[in-house]
Structures are given as structure tokens and as C-alpha cells.
Amino acid sequence: MAPTGSGGPARPARDVAIVAFAQTDHLRRTDELSEVEMLMPVLHRVLDATGLKTSDIGFTCSGSSDYLAGRAFSFTMALDGVGAWPPISESHVEMDGAWALYEAWVKILTGEADTALVYSYGKSSPGEVRDVLTRQLDPYYVAPLWPDSVALAALQAQALIDAGEADEAALASIADRSRASATANPHAQVRGSRPPGDYVVRPLRTGDCPPVGDGAAAVILAAGDRVRELCARPAWIRGMDHRIEAHSLGVRDLTDSPSSRLAATHAGAFERPVDTAELHAPFTSQEVVLRKALKLGDGVAVNPSGGALAANPVMAAGLIRLGEAAARIHRGESDRALAHATSGPCLQQNLVAVLEGES
Amino acid sequence: MTAAPSPDLLRAPLVVEFPFTRSLGPVQSAFLTGLRERTVLGVRTGAGSVLVPPVEYDPVTAAEIRELVEVASTGTVTTWAWNPSPRRGQPLDRPFAWVLVQLDGADTGLLHALDAPGPDAVHSGMRVRIRWAGQRTGAITDIACFEPHEGGEDHEVTPHSGEFEDLVTGIVAPARLDYTYSPGRAQSAYINSLSARKTVGERCPSCRKVYVPPRGACPTCGLATQERVEVGPAGTVTTYCIVNIKARNLDIEVPYVYAHIALDGAGLALHGRIGGIPYDQVRMGLRVEPVWTDGGRYPDHYRPTGEPDADYETYKELI
Ligand SMILES: [Zn+2]
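Residues numbered from 1 in each chain as written. Chains lettered and ligands numbered in written order. Predicted model: local features only at pLDDT ≥ 70, side-chain atom pairs only at ≥ 80, totals over all residues. Heavy atoms only, no water.

(A) Region of the structure containing the overall build of chain B. Broken down by element type, chain B carries three helices and 21 strands. Computed over the C-alpha atoms, the radius of gyration of chain B is 31 Å, more than 25% above the 20 Å expected from 2.2 N^0.38 for a compact globule of 319 residues. With respect to the three principal axes, the spread of C-alpha positions in chain B is 90 × 45 × 40 Å. Going through the 319 residues of chain B one by one, you find that 46% of them count as buried. A sequence separation of at least 24 residues applies to 58% of the contacts in chain B between residues at least 6 apart. On chain B, roughly 16100 Å² of surface is accessible, and the fraction owed to carbon and sulfur atoms is 50%. Once the 30 positive and 38 negative side-chain charges of chain B are each reduced to a mean point, those two points are 9 Å apart. (Helix = DSSP H or I, 4+ residues; strand = E, 2+ residues; numbered from the N terminus. Rg over C-alpha atoms; globule rule 2.2 N^0.38 Å. Buried < 20%, exposed > 50% of the residue type's maximum accessible area, 1.4 Å probe, protein only. Contact = heavy atoms within 4.5 Å. Areas by Shrake-Rupley, 256 points an atom, 1.4 Å probe, with all protein chains shown as cover. Lys, Arg positive; Asp, Glu negative; His and termini not counted. Charge placed at Lys NZ, Arg CZ, Asp CG, Glu CD.)

(B) Focus on the interface of chain A and chain B. On the chain B side, the residues contacting the 57 residues of chain A number 66 residues. Of the roughly 5100 Å² buried between chain A and chain B on both sides combined, carbon and sulfur atoms contribute 61%. When the buried area of chain A at its contact with chain B is split by residue, Y140(A), Y141(A) and L145(A) rank highest and sum to 17% of it. Inspection of the chain A/chain B interface yields five salt bridges. Here R87(B) and D131(A) are joined by a salt bridge, their closest N and O atoms 2.9 Å apart. Elements with a contribution of two residues or more to the side of chain A that touches chain B: α1 (35-50), α2 (66-69), α5 (129-132), α6 (149-162) and β5 (199-201) of chain A. Considering each element in turn, the side of chain A that touches chain B owes the most residues, seven residues, to α6(A). A breakdown of the residues in the side of chain A that touches chain B according to their chemical character gives 34 nonpolar, ten polar and 13 charged. (Buried area = accessible area lost by both parts, 1.4 Å probe. Salt bridge = Lys/Arg side-chain N within 4 Å of Asp/Glu carboxyl O. Nonpolar A, V, L, I, M, F, W, Y, C, P; charged D, E, K, R; others polar.)

(C) Representation of the packing of aromatic side chains within the structure. Per the stated rule, a full pass over the model turns up five aromatic pairs over all chains. With a centroid separation of 5.0 Å and an interplanar angle of 70°, the aromatic rings of Y141(A) and F31(B) are classed as edge-to-face. One end of the pair, Y141(A), is in the loop between α5 and α6; the other, F31(B), is in helix α1 (residues 26-36), on a second chain. Both residues of the pair, Y141(A) and F31(B), belong to the buried class. The ring of W146(A) carries R88(B) above its face, with NZ or CZ at 5.5 Å from the centroid. (Phe/Tyr/Trp six-rings, centres within 6.5 Å; stacked < 30°, edge-to-face > 60°. Lys NZ or Arg CZ within 6 Å of the ring centre and 35° of its normal.)

(D) Here's a closer look at the coordination of the zinc ion. All names here are of chain B. Those donors, C204 (SG), C207 (SG), C218 (SG) and C221 (SG), are the protein atoms that reach the zinc ion, and they lie 2.2 to 2.3 Å from it. Between the four donor atoms coordinating the zinc ion, the angles at the centre fall across 108 to 111°, so the site counts as tetrahedral. Counting gaps between the donor residues of the zinc ion yields the pattern C-x2-C-x10-C-x2-C. For C218, a relative accessible area of 0% puts it in the buried group. (Donors = N, O, S within 2.8 Å, 3.2 Å for Na, K, Ca; no water. Tetrahedral: all angles 85-135°; square planar, octahedral: opposite > 155°, others 65-115°.)

(E) Focus on the packing of helix α7 (residues 168-181) of chain A against helix α10 (residues 284-293) of chain A. Residue and element names in this part refer to chain A. Across the interface, α7 lies against α10 with an axial gap of 8 Å and an inter-helix angle of 95°. The angle between the axes of α7 and α10 places the two elements in the roughly perpendicular class. Contacts between α7 and α10 involve L171, I174, A175, R177 and S178 from the former and T284, S285, E287, V288 and R291 from the latter. Looking at side-chain class alone, the contact of α7 with α10 contains four nonpolar, three polar and three charged residues. (Axes fitted to C-alpha atoms, helices over the stretch in contact; angles between N-to-C directions. Parallel < 35°, antiparallel > 145°, perpendicular 65-115°, else oblique.)

(F) Up close: the environment of E202(B). Residue and element names in this part refer to chain B. Within the element layout of this structure, E202 appears in strand β12 (residues 199-203). Residue E202 is classed as buried on the basis of its relative accessible area of 1%. Sequence separation between E202 and P214 is twelve residues; the distance between their C-alpha atoms is 5.6 Å. With residues up to four places along the chain from it excluded, the contact list for E202 reads R185, A186, K209, V210, Y211, P214, G216, T225, Q226 and E227. Within the local environment of E202, its side chain forms a polar contact with the side chain of T225, the two groups lying 2.9 Å apart. (Polar contact = N/O pair within 3.5 Å; in protein donor to acceptor, adjacent residues only side chain to side chain.)

(G) How the structure looks around α1(B). All names here are of chain B. Most of α1 is tucked away: ten of the eleven residues are buried. By the burial criterion, the buried members of α1 are V27, Q28, S29, A30, F31, L32, T33, G34, L35 and R36. Considering only its buried residues, α1 is in contact with β2 (40-44), β4 (67-71), β8 (127-132), β9 (143-148) and β11 (170-181).

(H) The arrangement of the pattern of salt bridges in detail. The final tally for this structure, using the stated rule, is 47 salt bridges over all chains. E165(A) is the salt-bridge partner of K292(A), the closest N and O atoms lying 2.9 Å from each other. Placement of the pair is K292(A) in helix α10 and E165(A) in the loop between α6 and α7, with a sequence separation of 127 residues. Residue K292(A) is classed as partly exposed on the basis of its relative accessible area of 35%. Its salt-bridge partner being R66(B), residue E64(B) comes within 2.8 Å of it at the nearest N-O pair.

By themselves, these observations are geometric and do not establish any function.
Encoded structure:
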């Protein structure tokens, strides 16, 4: 990429697009399937959509976490699903697949590959995901207290309420809208109207929290001329960036997400309005924070897929936001979409991509 | 993916437990030792703000920061969340509030628990103080929790050397996660067959290779392997090693032989121990068969069948 002095968006050195996306149905549990068995149908679908075979793919990158399954190097087993023998050019991030997509994008921008297969998966059902996620916290001052993911999100929600930026009714309406949108999404785990439920950790109720479930997703990226051969209306990646905030929650303003705003700036999100935003906000309160940070007006369709409140396969939910935004462009329902992924407690790390169709 | 789980599907509890031993840098060492001595230390950044808990590097400028100060054990709640159902490992075993507390003299929040009778007794801006643990070792849990505290903010931040007798230089942070492990359809079928003394693999629909044990996918073709194929019982030693170290909790005399064994009909070798023959007479090409002990769910070891050795050409692809 060309260097920019001002912190403004950089112009990618090659035109890269998302040309295909597939995801599983997201389910509360999938005991009968190993991770590779859950993943493989999705890999086949995304390859079939382009006519590519695994041997045609220039680079393969995946995202997952051993802590979900409780097994070391679990991604090596999942590699069986992409036909990794004879050896392929492959990499893995112990993160959401959105970051695997970022790595694949960089690989293509450098000219080392023309196509990439990106996939990610997570089975939350074998363990207690609220406890599992405590293990990503500061091991000296925070993790020994075992504050679970809902508790930390609830601290952020209360900070928003204290600041007058939300109330419980506003949060409930976000949950309602998301799950109403999900009725049009055959893959979603939780669809349609449901009561807000009891407090899980106050002020967050069941309805403010994402479902726990298993699922996988895959995306194919391509560059330049290959794009035209593979997709009728490609979703061009106009920019993508990711940023991280201070590790310590007590140092941050939990009602804001400056890292999302900075990533969006570098991705070029503010150059022109977007019509769609797929936000990775597992908790209702996080959508409030992201809408403000990303300056999304009421005219933007936010999470038409239902978002993470309708299906939250950990490690795949961020990649799904990129995939859903791209699929909307593929279908001609969007011309310019923002896709966001997060990782860590209270929106600690944030990735933003801007995708465009050609009009 | 929507089929009901088969009754043959195996499930078992899986506990992953590890005592993470972590060393502390100079700042964290001073902070955690201070907690043991009921003294709360922060660190001052170049811009003059006081971070509690302290870190070694300024989160804004990334500059190294070492200037320790002492802050109060009283403070103000900046945000909170009521936890009606405490989980394993959390600071209190009755309902409590999670809080970020800005201690008097500090500019940032410390995460901990607040012992309060109910959510109506908690609000942002309320005054609290540290309740110290009876037994303190130099860990964040030396703060048992916070408790409500009436009283103003009258603390002077004072410089602190960070020097204590008998500094804590490391912590042990035990971690435990509980899972219910299921190996999935393919491996459940394999294990269930073994307990009936049959070895079952799965054939790839494309390259026809038979995988034992099956994992549900062919790594060459990236396809599901669903055609079940019985292999063995006999097989051929493709390669082996001689083990001279006695494993703990394992009742096997050393030296013994551990081998790769290509069962007849299998497309790759599995491993097993070779018995019934002196260790120095095991060889590539040796024909072996499984030996089950009473009630065993898998072969205890493999012993020679007495057949002539297999020709190298017949197993060289499987080494
Ligand atoms: Zn095959």
C-alpha cells in the first residue's frame, strides 16, 4: 500500500474482492460432528459457488480457538477439510476469522497469491463459553477474579446508561430489531420476537446477550482479473484496518470505541456514506457504542442478517459479518457496506472493512 | 447438521487444569506485594495521571513508567453490574456487584467485586473501601472485595519506593475449565467398534484410501469419509522404535517396542505396542495381530501371527 502521512485511508495496491461466502446453520449443540465434519460442508459450498477446487486456492487462512474445544492444536484436525495434502500455503490465527481474512487480504495485496480461502469455526457447546472467555483477560489483575463475558459487557452497559446514552428499553429494542431481521436468515440460531427475559448480569437480560452455539463460515477472496471469472457482482474491499485499545478496562472510556473509529477512518469508511453495516456486537449495548463510534445514521441498514444477537459462533461471528455484508452486495441489495468484527472484552479489538459493488 | 444425535455417540467429561506460574516485573511485583501489606500502589504516567492497577508501560505513549505512588484504600464506583448468580472462581459465593472502582488518588478504575445486600444498594458514584482478605499472599485476591463506605475523599497521593521486605516476584494462577467432550460421529463409531473387537475405518469416496482411525475427512481430497470398512485384524509392522524409559503409571517392563502397524486393508498405519516376542527380534514387515485383555475397549498390544514377513513392496507406501 502507498504510504500516507496523515492517517487517512491508504489506497490498496491491488483490487481484491470477496467473491463467495457460506455459513452453517448455527445450532446450540452439534455433538455428532467433529469440528472438521461441521466445517467441511461450508468449505464445499463456498468452493462450489466459484467453481474453484482446493488445489486452485493460492492461500488458505483460518481462525479458531483451542480454548473452546479444550484441545491443543485443534485447527490441525480441521485442516483435513481443505485437502491439506500435498502441502498447501496455509496459516492460522487464534482469533476470529475476520483477522484470518485480514491476513489473506494482505497476502493477496503483496502479490503472493491471487485467491484465498478463509474459514473459521467455533464449537462453544462442549464448555462454558462465559468461563472460557475469562482466560483471554489480564492474567495478573483480572483473570484470577473470573469475571465472565456477560459481567464485563454489563459494566459497559451500565456506563452507557449512566451517561444517558441508553436505557433498558432502548437495549431491548435493539434485541427485538435484530431477531426480527433474523427471521429472513435461514442460518440464524435465534429468530423472531421473544421476551427480554431475566437479568443475566444486571443491566443485561437474556435478550441482550448472544445465543451460545456452534457454527462455521468460509469466504473466498480473489484479486484483479480472477474476480470477474468467479463472481457476477463482486464485493470489492475498498479498505480494511484493525486497531486495539488498552488492555485494562479501567483505563478505557467504555461508552466509546476510539479503536473502531480509527480503523474505520483508515478503511475509508467516512469518505462516503454506507448503506449497510454488519456490526459484530454480541451484546445490545455494544451496538449503541458502535453506532456512535462509526457515525452510523438512521438511514443505514444495521445488521440486516440479525447480527451476533441471532447467531454468535465464537471465532466465526466476525467473519460472518464480512460475509453477510459481501453477500448483500453480491445480491445487489447494497452498493457500499461497512463490516465490523470485534474480539476481547467490551470491544477491545476492532476490525473494519469497507466493501463496494459496482453500480 | 440437524440430525438428532445418535444414541451411540460418545461423551465424556474433560477437565483442563493448569497452574500457570507467572513472573512479575518490578511494577507488578511492588503492587502485589503492597496488597499483601494492605498498601495500594499506582504508577504515575508522564502526563501525570495515576494508573491503578499499575502497568509498566504508558497505555497512551508506550513509554516505560516506574514512578510508584501510594493511593487510598477508599474510592468511588465508576460503573457496576449486579451478578445474581456467582460462578466458580469469582470473589464472592453470594450475589454481588462487579464494580470498577477509582481509588482516591487514582485516575483509572480497578475491577473487583462489591459486597452489597442487593442491586438497589449500588449505584455509580457510591463510596466504597477495600475489604482485605484474612490470608494475603501477594495476589489480586488479597482484596477480598469492596464494601460500602461512607466518607469523603481526603487522601494525599504520596510517593512510594515500591520496596518491601520479601517482595513477591511471581504468582501461581490456577486455571480450570470443564468440558463435555464428544469425538463426533466418525470417532465414536471407531471406538464403539473396538469394544466389539473390530477395527473399523472409513473410505474416501474419491481416492479410495481407508483411514484408521477415521476422523471423518480425507485430508488429501478434503471430502467426508462415510463408507465404513472393517480392516485387519492382522497387519504388518511398517516401522518401530524401542522404548527404554518407563512411563509413570504404566505397568510395562522396559525395553519394549512401539510400532506403526498397517492393518490389512487400511490406507495408513496406526500405532501400537508389540508383545509376545523379544524386543530385539521385532522387524519391519513382521506380521502381527491384536491382543485384547478381558474387558479392554481397545487392543492391549499386538503379537506375531507366525506368518512369513510381508514383502517391503507391499507396505512401503504406508511407512
Ligand atoms: Zn481422498
